[in-house]
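If you want the building blocks of each chain, they are given just below.
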Amino acid sequence: MTTYPFGMSTPATGAATLAPRRSSRFVAWVRAWRAGLVPYDEVADAIAGDEEHLVADAPGTWTDVPLGAALPTLAKLSPDEIRLVLPAPGDPRGLPGPGDFAGAALVTGEAVVAGGLGLIPQVRLHTSGSGDCFETVLWRVYPLPANAAAASLSLPGAAEAEAELAAALAETTAVLTRLDVAQWRPELAGALAALRRPDGTTDLPPGFDPRARRLFARAAVLDRVLALAGHAAPGGAINNYEAQQRDAALRPLTAACRQALVAACNAPLRP
């Protein structure tokens with residue numbers, strides 16, 4: 001098995017090229033649009049990138065519609081009524097209470113609260129007649145209580161979330177070093193080091209202050225690194241006990257990363 005010194009560029013540093021969470025981009029760009037900081041015509045493309053995004057069960061529709069056609073249903077909302085939530089089992093913070101939306105959000109791990117509507121992205125896999133596989137993203141809309149956005153107002157702000165993320169990152173890096181992560185998970189070691197130089201692809205639209213931008217850039221890269229670590233098989237260089245240690249080390253960092261993304265995307269906007 002090939003090993004890498006801690007901090008060297010490795011396969012997982014390419015995680016920085018993967019797309020951030022779709023809900024985080026949705027919230028950031030829709031909030032900036034509702035604040036009058038970006039034009040409506042740019043929002044759908046900024047959210048979707050090179051993917052095809054559709055919306056199901058949007059008010060006033062009877063079939064799936066393109067994302068741009070569904071955005072006008074949010075045209076009367078203020079930026080603060082549009083919130084990102086990143087729940088996890090045992091951590092439902094930000095959700096408006098039990099129900100279909102909360103259950104689906106916990107399964108998906110991300111969602112948007114927009115006034116009286118909740119939106120959750122679902123990735124659909126398709127196979128063409130020639131055998132080519134491709135994906136579409138379907139945003140499913142759920143009705144919510146009128147005060148649903150208030151559930152996320154008590155979450156940590158950007159300053160608190162930034163401090164928690166920095167502390168969790170330092171502690172986790174130290175633990176992974178003691179566990180000799182470079183021997184059995186070299187891609188994670190290199191990717192953690194890459195967090196010190198986040199790239200410009202993890203940027204927010206106009207209106208977010210420097211702290212929110214800095215927090216989002218770091219948390220977005222880290223979020224993708226952790227997703228990669230969670231889905232990659234550890235291989236024969238790690239036993240069950242070491243895997244449990246690894247998971248225990250990453251757990252607080254994963255929670256801090258989620259809250260950092262939420263705090264950055266939900267931060268107050270400035271002209």
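## Digging into the overall build of the chain
- What the chain contains, in helices and strands, is 9 helices and 6 strands.
- Considering the chain as a whole, with its 271 residues, one finds that 50% of them fall into the buried category.
- Taking as baseline every contact in the chain between residues at least 6 positions apart, the subset at least 24 positions apart corresponds to 71%.
- Only carbon and sulfur atoms are counted for the fraction: they give 56% of the accessible area of the chain, which is about 12,700 Å².

## Considerations on the confidence of the model for the chain
- Confidence along the chain averages 80 in pLDDT terms, with 76% of residues attaining 70 or more.
- Low pLDDT (under 50) marks residues 1–18, which in the prediction has 42 contacts with non-local residues, meaning those over four places away or in another chain.
- Note on residues 232–237: pLDDT under 50 across the span, and 10 contacts to partners over four residues away in sequence or across chains.

## Brief notes about helix H1 (residues 22–34)
- Between its terminal C-alpha atoms H1 stretches 18 Å, which fits the 18 Å expected from 13 residues at 1.5 Å a residue.
- Within H1, 11 of the 13 residues are buried, which leaves it mostly tucked inside the rest of the structure.
- Residues Ser23, Ser24, Arg25, Phe26, Val27, Ala28, Trp29, Val30, Arg31, Ala32 and Trp33 constitute the buried set of H1.
- In the segment just after H1, glycine 36 is the residue with positive phi, at about 80 degrees.

## Remarks on the nonpolar core
- Phe26, Val30, Leu71, Leu74, Trp139 and Leu165 are the most contacted members of the largest nonpolar core, which has 57 residues in total.
- With 10 residues, helix H9 (residues 240–265) is the single largest residue contributor to this core.
- Structurally, this core is a two-domain feature, drawing no fewer than three residues from each of domain 1 (22–152) and domain 2 (158–266).
- Non-local contacts of leucine 74, meaning those with residues more than four positions away in its chain, are made with Phe26, Val30, Trp33, Arg34, Ala114 and Leu117.
- Grouped together as the second largest cluster of nonpolar side chains are 13 residues, Val85, Ala105, Ile120 and Ala148 included.

## Brief notes about the pairing of strand S6 (residues 133–143)
- Both strand S1 (residues 53–56) and S6 contribute to a ladder of 4 bridges, which runs parallel. Directly across from alanine 56, in S6, lies its bridge partner arginine 140.
- Two elements, strand S5 (residues 117–127) and S6, share 11 bridges in a ladder whose sense is antiparallel. Within S6, the position partnered with leucine 117 by the bridge is proline 143.
- In textbook terms, the turn of a hairpin is the stretch between consecutive antiparallel strands, and for S5 and S6 this stretch comprises 5 residues, one of which, glycine 131, has a positive phi near 95 degrees.

## Re the environment of alanine 46
- Checked against the element boundaries, alanine 46 lands in helix H2 (residues 40–48).
- Residue alanine 46 is classed as buried on the basis of its relative accessible area of 14%.
- Note: C-alpha distance between alanine 46 and arginine 25 (21 residues apart in sequence) is 7.8 Å.
- Here alanine 46 is in contact with Arg25 and Trp29, once residues within four sequence places are set aside.

## Thoughts on the sheet that holds S6
- Strand order in the open sheet made by the 6 strands is S2-S1-S6-S5-S4-S3, with mixed pairing throughout. The open sheet has two edge strands, strand S2 (65–66) and strand S3 (82–85), and neither has a second partner.
- Taken strand by strand, H1 contacts S1, S3, strand S4 (111–114), S5 and S6, and its axis lies near 165 degrees from that of S3.

Rules behind the numbers
Residues numbered from 1 in each chain as written. Predicted model: local features only at pLDDT ≥ 70, side-chain atom pairs only at ≥ 80, totals over all residues. Heavy atoms only, no water. Helix = DSSP H or I, 4+ residues; strand = E, 2+ residues; numbered from the N terminus. Buried < 20%, exposed > 50% of the residue type's maximum accessible area, 1.4 Å probe, protein only. Contact = heavy atoms within 4.5 Å. Areas by Shrake-Rupley, 256 points an atom, 1.4 Å probe, with all protein chains shown as cover. pLDDT = per-residue confidence, 0-100. Expected span 1.5 Å × (residues − 1). Core = buried A, V, L, I, M, F, W, Y, C linked by side-chain atoms within 4.5 Å. Domains from an automatic or database assignment. Pairing = 2+ DSSP bridges. Axes fitted to C-alpha atoms, helices over the stretch in contact; angles between N-to-C directions.

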